[in-house]
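A structural walkthrough
The lines below spell out each chain.
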Amino acid sequence: MPSRLNFKNVELGDRDLLDKYLKKESGFIGEHNFADLYMWAYEYKSMYALYNGYLYIKMTSPEKGADFYLMPFGDRSGFCETLKVLIDEGKRTDGKLYFCFVSRWQKEIAEMVFKDNINLVLSRDFADYIYLSEKLIELKGKKLHGKKNHLNRFMKDNEGRWNYEDLDDFNAEEFYAFQLKWVSLHNPKEFEGETAAVKALLEARRELGVKGGLIRLEGKVIAMTLGTEFNSEVFVVNIEKALPNMNGAYQIINNEFAKRNLKGYKYINREEDMGLEGLRQAKMSYAPEFLGEAYEGYYCDKIC
């Protein structure tokens, strides 16, 4: 059966076209954002198709080596019909489709249309961490007392020796160089996709409206962060890195970047933890306002 969906690679020039569909989806799922699709195109082989006024996204899991789909983007009034197009895709793939980064309303309609043929469950590993920007800026309250202490200790111990810089044309290459330095202290192969994502963000920083910041200690970069706007209320921190065993480095880049760049946003989305326990503990330690819901699961021709 020929497919009605003609998928092509997500490229930078597609931004305005895809945004017409993506911007109609409200919520806090970072992957419902062009910058995320574009920056992770190397790792996840992001592809899209347009059909009957709707946007379809297909990606490939590097862990599973299998394709997965986001739910279609467009007007909600015709959402049921768009799902039937995906049923045809399922028939071309042994009657099975894997969905990821599904919002609550998409889940509810998909279950109404597919009934027992779909099984979508809440994904804790892909739940985005959502914070009130004022809390990350002010670090007030008992829950954030420890973060404030780390911040104050860094400033006291390094008084006159550190400075913050926003991303610009003069220091952009240092962000990428720091990413390479950071992965060299960990596992370069494991972070190959992330390094490609950092490079993509930096090279397309003007087109994507990327904001970034770095911390220098005695002239040397010890921490950096990069992010993009999701909408007028939400900013997504896509990348944050600091040298290991550098007390207060993560706290200082987090706070300085938020203070200088994110006061105009109500929320800061620090994305998911991917099931990594250390990352989960670090993100929970900042007392998120809530976790953004994301569902995943399978559609099957037979009952799931």
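As a reminder, the structure under discussion sits directly above these lines.
The text that follows walks through the structure, step by step, so that each part is easy to find. (Residues numbered from 1 in each chain as written. Predicted model: local features only at pLDDT ≥ 70, side-chain atom pairs only at ≥ 80, totals over all residues. Heavy atoms only, no water.)

1. Observations concerning the overall build of the chain
We apply this condition: Labels follow the DSSP assignment, with helices taken as runs of H or I lasting at least four residues and strands as runs of E lasting at least two, numbered in each case from the N terminus. Radius of gyration: over C-alpha atoms. The globule rule applied is 2.2 Å multiplied by the number of residues raised to the 0.38 power. Here the term buried applies to any residue with accessible area under 20% of the maximum for its type, exposed to any over 50%, and partly exposed to those in between, with areas from a 1.4 Å probe on protein chains only. Whether two residues are in contact is decided by their heavy atoms, any of which lying within 4.5 Å being enough. Only the protein chains shown count as cover for residues, with accessible areas throughout obtained via the Shrake-Rupley method and a probe of 1.4 Å. Positive charges are assigned to Lys and Arg, negative charges to Asp and Glu, while His and the chain termini are left out of the count. Lysine's charge is taken at NZ, arginine's at CZ, aspartate's at CG and glutamate's at CD.
Per the secondary structure count, the chain includes 12 helices and 14 strands. The C-alpha atoms of the chain give a radius of gyration of 20 Å, which matches the 19 Å a tight globule of 304 residues would have. In terms of principal-axis extent, the alpha carbons of the chain reach across some 65 × 40 × 35 Å. Counting all 304 residues of the chain, 52% fall into the buried class. Restricting to contacts in the chain with at least 6 residues of sequence separation, those with at least 24 account for 72%. For the chain, the exposed area adds up to about 14900 Å²; of that, 49% sits on carbon and sulfur atoms. The averaged location of the 48 negative side-chain charges in the chain is 3 Å from the averaged location of its 44 positive side-chain charges.

2. Comments concerning unusual backbone geometry
Despite not being glycine, Leu139 shows a phi value in the positive range, around 50°. Within the secondary structure, Leu139 is located in the loop between helix 6 (133-138) and helix 7 (145-157). Overall, the relative accessible area of 6% leaves Leu139 in the buried class. Non-glycine residue Glu218 carries a positive phi angle of around 55°. Overall, Glu218 belongs to the exposed group, its relative accessible area being 56%.

3. Looking at the packing of aromatic side chains
Basically, it comes down to this: We call Phe, Tyr and Trp rings a pair once their centres come within 6.5 Å, taking the six-membered ring for Trp, and we label the pair stacked below 30 degrees between planes, edge-to-face above 60, and tilted otherwise.
Enumeration according to the criterion identifies 18 aromatic pairs in this entry. Between Tyr44 and Phe68, the ring centres sit 6.4 Å apart and the planes meet at 80°, which makes this aromatic pair edge-to-face. Within this pair, whereas Tyr44 is found in helix 3 (residues 41-44), its partner Phe68 is found in strand 4 (residues 67-73), the two being separated by 24 residues in sequence. Assessed through its relative accessible area of 4%, Phe68 is described here as buried.

4. Some points on the side chain of Asn261
Condition: Distance and chemistry together define a polar contact, namely a pair of N or O atoms within 3.5 Å, with one atom able to donate a hydrogen and the other to accept it when in protein, and with adjacent residues in sequence counting only for side-chain atoms on both sides.
As for its placement among the helices and strands, Asn261 is situated in helix 11 (residues 249-261). Among the polar contacts listed, one links the side chain of Asn261 to the side chain of Asp166, at a separation of 3.0 Å. Contact partners of Asn261, with chain neighbours within four places excluded, come to Tyr164, Asp166 and Lys211.

5. Remarks on the packing of helix 7 against helix 11
Worth spelling out the cut-off: Simply put, an axis is a line fit to the C-alpha atoms, just over the touching stretch for a helix, and the angle between two N-to-C directions goes from 0 to 180 degrees. By definition in this entry, angles of less than 35 degrees are roughly parallel, angles greater than 145 are roughly antiparallel, angles of 65 to 115 are roughly perpendicular, and the rest are oblique. All amino acids are sorted into three groups, where Ala, Val, Leu, Ile, Met, Phe, Trp, Tyr, Cys and Pro are nonpolar, Asp, Glu, Lys and Arg are charged, and the leftover types, Gly among them, are polar.
Between helix 7 and helix 11, the shortest axis-to-axis distance is 8 Å and the interhelical angle comes to 100°. The orientation of helix 7 relative to helix 11 falls into the category roughly perpendicular. Within the contact between the two elements, helix 7 uses Lys147, His150, Leu151, Phe154 and Met155 and helix 11 uses Ala249, Gln251, Ile252, Asn255 and Glu256. Taken together, the residues that form the contact of helix 7 with helix 11 break down as 5 nonpolar, 3 polar and 2 charged.

6. Section: the sheet that holds strand 7 (residues 128-132)
How we decide: When DSSP finds two or more bridges between a pair of strands, those strands are recorded as paired.
Strand order in the open sheet made by the 7 strands is 8-9-10-11-12-7-13, with mixed pairing throughout. Two strands close off the open sheet at either side, each with one partner strand: strand 8 (162-166) and strand 13 (290-292). The average undirected angle you get between the axes of adjacent strands in this sheet is 30°. Here 3 bridges tie strand 7 to strand 12 (residues 267-269), and the two strands are oriented antiparallel to one another.

7. Focus on a nonpolar patch on the surface
Definition in use: To count toward a patch, a residue needs a relative accessible area over 30% and no salt bridge; like charges are then connected within 9 Å, while nonpolar side chains (Val, Leu, Ile, Met, Phe, Trp, Tyr) are connected within 5 Å. Whenever Lys or Arg places a side-chain nitrogen within 4 Å of a carboxyl oxygen from Asp or Glu, that contact is recorded as a salt bridge.
On the surface, a nonpolar cluster with roughly 250 Å² of combined accessible area is contributed by Met274, Leu276 and Leu279. With respect to the helices, strands and loops of the structure, Met274 is situated in the loop between strand 12 and helix 12 (277-284).

8. Let's talk about the environment of Met224
Here Met224 is to be found in strand 10 (residues 220-229). Relative accessible area serves as the criterion here: at 0%, Met224 is assigned to the buried category. For the pair Met224 and Leu132, spaced 92 residues apart in the sequence, the C-alpha separation amounts to 21 Å. Excluding anything up to four places from it in sequence, Met224 contacts Phe175, Phe178, Gln179, Val198, Gly213, Leu214, Ile239, Glu240, Lys241 and Ile253.

9. Re empty space enclosed by the protein
A water-sized probe rolled over the atoms picks out the places where empty space is left. Going by this rule: Space inside and on the surface of the protein is sampled on a 1 Å grid over the protein atoms alone, with a cavity defined as a set of points where a 1.4 Å probe fits but cannot get out and a pocket as an open set with protein on both sides within 12 Å along at least 5 of 7 lines; lining residues have an atom within 4 Å of a point. Grid points are joined across faces, edges and corners, and a volume is the space filled by probe spheres set on the points.
Summed over the entire model, instances satisfying the criterion amount to 2 cavities of 30 Å³ or more. A volume near 50 Å³ is recorded for the largest cavity. Among the secondary structure elements, those contributing two or more residues to the lining of the second largest cavity are helix 7 and helix 11. Examining the composition of the lining of the second largest cavity, we find that 3 residues originate from one element, helix 11, more than from any other. Taken together, the residues of the lining of the second largest cavity break down into 4 nonpolar, 3 polar and 1 charged.

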